[in-house]
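# Chain and residue survey
Take a look at the letters that make up each chain.
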Amino acid sequence: MGGRPPDPPGSSAPKAAELVFDDFYHAHFRALVVQLTAYTGDRGQAQDLVQEAFCRAYARWDRIVGYEDPLAWVRKVAWNLGHNRWRRLRTAQTWLLRQRETYAPEPSPDRVALDTALATLPPNQRRAVVLHYLADLTVAEIAAQEQVAEGTVKSWLHRGRATLATQLRDSNEEVRDV
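Starting afresh in each chain, residues are numbered from 1 along the sequence in its written order. Given that the model is predicted, a residue must reach a pLDDT of at least 70 before its local features are reported, and side-chain atom pairs must reach 80 or more before they are shown or counted; all residues, however, enter totals for whole chains, interfaces and linings. Side-chain numbers come from the whole structure's heavy atoms, not from hydrogens or water.

### Focus on the packing of aromatic side chains
A pair of aromatic rings is counted whenever rings of Phe, Tyr or Trp (Trp by its six-membered ring) have centres within 6.5 Å, and the orientation is called stacked for planes under 30 degrees apart, edge-to-face for over 60 and tilted otherwise. In total, this model carries ten aromatic pairs according to the counting rule given. Both rings, one in Tyr25 and one in Phe54, keep their centres 4.9 Å apart while their planes meet at 75°; by these two values the pair is edge-to-face. Of this pair, Tyr25 sits in helix α1 (residues 16-40) while Phe54 sits in helix α2 (residues 43-59); the two residues are 29 residues apart in sequence, bridging distant segments of the chain. When sorted by exposure, Tyr25 lands in the same class as Phe54, which is buried. Summarising the aromatic geometry, the rings of Tyr39 and Trp79 are spaced 4.5 Å apart at their centres and angled 40° between planes, so their arrangement reads as tilted. Every helix listed is a DSSP run of H or I at least four residues long, and every strand listed is a run of E at least two residues long, numbered separately from the N terminus. Note on exposure labels: buried denotes an accessible area under 20% of the residue type's maximum, exposed denotes more than 50%, and partly exposed covers the range between, all computed with a 1.4 Å probe on protein chains only.

### What to know about a positive patch on the surface
A cluster of basic side chains, namely Arg85, Arg87, Arg88 and Arg90, defines a positive patch on the protein surface. Its relative accessible area of 32% is what places Arg85 among the partly exposed residues. Patches draw on residues past 30% relative accessible area with no salt bridge. Two like charges within 9 Å are joined, as are two nonpolar side chains (Val, Leu, Ile, Met, Phe, Trp, Tyr) within 5 Å. Residue-level accessible areas treat just the shown protein chains as cover; the underlying method is Shrake-Rupley with a 1.4 Å probe. By convention in these notes, a salt bridge is any Lys or Arg side-chain nitrogen within 4 Å of a carboxyl oxygen on Asp or Glu. When charges are counted, Lys and Arg are positive and Asp and Glu negative, with His and the chain ends excluded. Every charge is mapped to an atom, namely NZ of Lys, CZ of Arg, CG of Asp or CD of Glu.

### Some words on the pattern of salt bridges
Applying the stated criterion across every chain, the model contains three salt bridges. Ionic pairing is found between Glu52 and Arg56, a salt bridge with its closest N-O pair at 2.9 Å. In this pair, Glu52 and Arg56 are both assigned in helix α2, four residues apart and thus about one turn of the helix distant. Exposure remark for Arg56: the relative accessible area of 35% places this residue in the partly exposed category. One salt bridge in this structure joins Arg127 and Glu146, with 3.0 Å as the shortest N-O distance.

### A closer look at the side chain of Gln125
Here Gln125 shows up in helix α6 (residues 123-134). Residues count as neighbours in contact if any of their non-hydrogen atoms are within 4.5 Å of one another. Ignoring any residue separated from it by four or fewer positions in sequence, one finds Gln125 in contact with Trp156, Arg159, Gly160 and Thr163.

### Things to note about the nonpolar core
As used here, the term nonpolar core means buried Ala, Val, Leu, Ile, Met, Phe, Trp, Tyr and Cys residues forming a set that is joined through side-chain atoms within 4.5 Å. Formed by 20 residues in total, the largest nonpolar core has its most connected members in Val50, Phe54 and Val74. Elements represented by at least two residues in this core include exactly α1, α2, α3 (61-64) and α4 (70-98). Looking at this core element by element, the count peaks at seven residues for α1. Residues Ala128, Ile142, Ala143 and Val153 belong to the second largest nonpolar core, which totals 13 residues.

### Thoughts on α2
A helix's residues, less one, multiplied by 1.5 Å, set its expected span. A rise of 1.5 Å per residue sets the reference length of α2, with its 17 residues, at 24 Å; its end C-alpha atoms lie 24 Å apart and thus fit the reference within 8%. By the burial criterion, the buried members of α2 are Gln45, Ala46, Leu49, Val50, Ala53, Phe54 and Ala57. Whenever two N or O atoms come within 3.5 Å, that pair is a polar contact, provided that in protein one can donate a hydrogen and the other can accept it, and provided that, for residues adjacent in sequence, both atoms are side-chain atoms. Residue Asp42 occupies the N-cap position of α2, its side-chain oxygen lying 3.1 Å from the main-chain nitrogen of Gly44.

### Topic: the packing of α6 against helix α7 (residues 139-146)
At a minimum axis separation of 10 Å, α6 and α7 run at an interaxial angle of 135°. Regarding the angle of α6 to α7, the classification is oblique. Crossing hand, α6 versus α7: right-handed. The residues of α7 that touch α6, namely those facing Arg127, Ala128, Leu131 and His132, are Val139, Ile142, Gln145 and Glu146. As a working rule, the residues Ala, Val, Leu, Ile, Met, Phe, Trp, Tyr, Cys and Pro are called nonpolar, Asp, Glu, Lys and Arg charged, and the rest polar, with Gly in that last group. Grouping the constituent residues of the contact of α6 with α7 by class yields four nonpolar, two polar and two charged. With axes taken as lines fitted to C-alpha atoms, and helix axes fitted only over the stretch in contact, angles between N-to-C directions fall between 0 and 180 degrees. In these notes the angle categories are as follows: under 35 degrees is roughly parallel, over 145 is roughly antiparallel, 65 to 115 is roughly perpendicular, and the rest is oblique. Crossing handedness: left-handed means the near helix sits turned counterclockwise from the far one by under a right angle, and right-handed means the same turn made clockwise.

### Quick notes on the packing of α2 against α4
Here α2 crosses α4 at 130°, and the two axes come no closer than 8 Å. The angle between α2 and α4 falls in the class oblique. With respect to the hand of their crossing, α2 and α4 are arranged in right-handed fashion. Residues Gln45, Asp48, Leu49, Val50, Glu52, Ala53, Phe54, Arg56 and Ala57 of α2 form the contact with α4, whose participating residues are Trp73, Val74, Val77, Ala78, Leu81, Gly82 and Arg85. Per-class residue counts for the contact of α2 with α4 are ten nonpolar, two polar and four charged.

And the structure:
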């Protein structure tokens with residue numbers, strides 16, 4: 001238990017470099033996890049960091065096995081991964097702290113009345129009124145956007161203004177009666 005798992009039956013003998021890597025991994029994994037746990041304060045994160053460092057070492061094992069101290073390379077990679085993760089977390093936390101809730105005042109009674117009145121207009125009249133008065137588009141620009149004649153836009157604006165005037169006058173009288 002705790003040793004290297006047996007080779008699957010029928011598999012050819014593993015290469016010498018793989019055996020050396022397996023032995024290297026089993027000899028040093030726990031010690032590196034202990035070190036990174038002390039650094040990060042989180043054992044699961046430390047295991048992930050050490051595992052990632054060993055994966056990177058395995059991908060370059062032909063080169064790393066020739067180093068004077070391959071463990072120093074793996075340790076350095078694991079510590080760098082931990083530091084980078086900590087730095088990303090710190091950056092994210094700093095960004096979150098700078099985000100402030102913005103206070104949006106509640107809409108005025110006039111705005112509520114206008115929104116309610118606009119909602120009763122047919123879609124084409126509502127678009128024309130909003131584009132003309134809120135987006136400051138000319139009649140020609142609205143006609144081009146909606147792909148209709150300028151006379152049609154003028155008609156929509158006239159009808160929309162008339163309906164809005166009636167509804168806003170009625171809602172204003174209701175407010176005075178209260």
